[in-house]
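# Structural overview for review
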Amino acid sequence: MFLPQSTHRFTCDIFCRVINNFGDASVCWRLAQQLANEYNWQIRLFIDELTILAQLAPGLDAGRKQQVLSNVSIEYWDHSAFIEPSAKVLNIADVIIEAFACDLPAPYIAAMAQRLSPVAWINLEYLSSEDWVSDFHLRQSPHPRYALTKTFFFPGLYAQTGGVLCEKNLNAQRRAFIESTTEQACWWTSLGLPQPDPAATVVSLFSYENSAINVLLEQWRDATNPLVLLVPQGKISGSIARFFGRSMGLRAFSAGMSASVCSLSAYSLPFTDQIGYDKLLWSSHINFVRGEDSFVRAQWARKPFVWHIYAQADNAHLPKLDAALANISSALKPPARDALTRFSNAWNSYPAHSPPDWLDFIRHREAFEENANSWANKLASIGDLAQHLAAFVQNILK
């Protein structure tokens, strides 16, 4: 799908309030870099948690309130700083993106209304695959006081949505990595780990706390074939330590530690930047991912994955999970599709749901691998989020 690239260098302010762990910062940082480096936009990223962003963006100094990295101007969002409602003083951009309904400062909105030339005001929403998204994507909302209109921009997994983030060179980078035994060996060495036995299944586990993890670890321990588990430091690390602590006295599972029992070997990895996380996904056979950003990257990795969706009150997240699975698994034959659905529901709903059954899932690995590749091609065909956003802005500000 071709969307025209803007020849005008738009200025753009992105506002990010970090709420959902690293996901908000990660999505905004990816979008800021892509608009700056692929579309030549002049980007300012206002973010209220520089310490979070610093873990995703090597080279960022969390102690500096203003800096430039990867052609993006990054500013600490001090919520008390915007006090002068003047478009001249605040230097209002052509495009204003409030990420995930973070609410712009009132003086900034007032200054937007004073700007002589029009602005494109966009509320970037969370990713969802539900059918209603296409009805709300690009829906507009007039401001009650000012002559301003906000447009809701919905990422999604099908046409009539905004698509998802994907850099233009991402697939080329992935192919170069998986086709280079030297580069893969260097990656394993950089982690201080031996390359796995070719007979082993390599699984990456990036998850929220999950009551189903013990059941799964037991199944991996008792499996016939070896399994190498790679665990980036995070919320699930404590559960891994408790599992191995029962037999090994392990009290923590900090970065650099490892533990083995029967067929299961587990390695704790340091929290990595975005490029490092992509390489983790590319190096694993099966990826467990969480939230929004890693969910999208798992799809571009073209490997089978299991999604731990962010839980919401009254199980409002489960229809979103079902909708995503329906899209991603639509080309699978019923036995494989049903196994993926069963396992995903068990991983997200245990103990209300029956426990996850690894053997039931992994017997369809070949089908999942074929589907992961064809699904990534289908997702790419609808265009990516930055493409759609740039085309939209170009159309309304031309």
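Conventions we followed
Residues numbered from 1 in each chain as written. Predicted model: local features only at pLDDT ≥ 70, side-chain atom pairs only at ≥ 80, totals over all residues. Heavy atoms only, no water. Helix = DSSP H or I, 4+ residues; strand = E, 2+ residues; numbered from the N terminus. Disulfide = S-S within 2.5 Å. Buried < 20%, exposed > 50% of the residue type's maximum accessible area, 1.4 Å probe, protein only. Core = buried A, V, L, I, M, F, W, Y, C linked by side-chain atoms within 4.5 Å. Contact = heavy atoms within 4.5 Å.

Our next topic: unusual backbone geometry. Omega for the bond connecting Y350 with P351 falls within 30 degrees of zero, at 10 degrees, which places this linkage in the cis form. Summarising the element assignment, P351 is placed in the loop between α13 (334-349) and α14 (358-362). Positive phi is not limited to glycine here, since L138 has a value of about 70 degrees. Tracing the chain through its elements places L138 in the loop between α5 (133-136) and β7 (140-142). Positive phi outside glycine occurs at N315, with the angle close to 55 degrees. For N315, the position within the fold is in the loop between β14 (305-308) and α12 (317-328).

Attention shifts here to the state of the cysteines. As enumerated under the stated definition, the model contains zero disulfides in all. Looking at C16, it has no disulfide partner, and the nearest cysteine sulfur is the one in C28, 3.6 Å off. Of the cysteine sulfurs around C166, a residue in no disulfide, the closest is that of C28, at 18 Å. On the basis of relative accessibility, which here comes to 16%, the residue C166 falls in the buried class.

Turning to the nonpolar core, a few remarks are in order. If you look at the biggest cluster of nonpolar residues, it comprises 70 residues, and the most contacted ones within it are W220, L229, L230, F288 and W358. Setting aside chain neighbours within four positions, we find L229 in contact with V203, L205, L217, W220, I240, L264, S265, A266 and Y267. If you look at the next biggest cluster of nonpolar residues, it comprises 44 residues, including V18, L389, F392 and L397.

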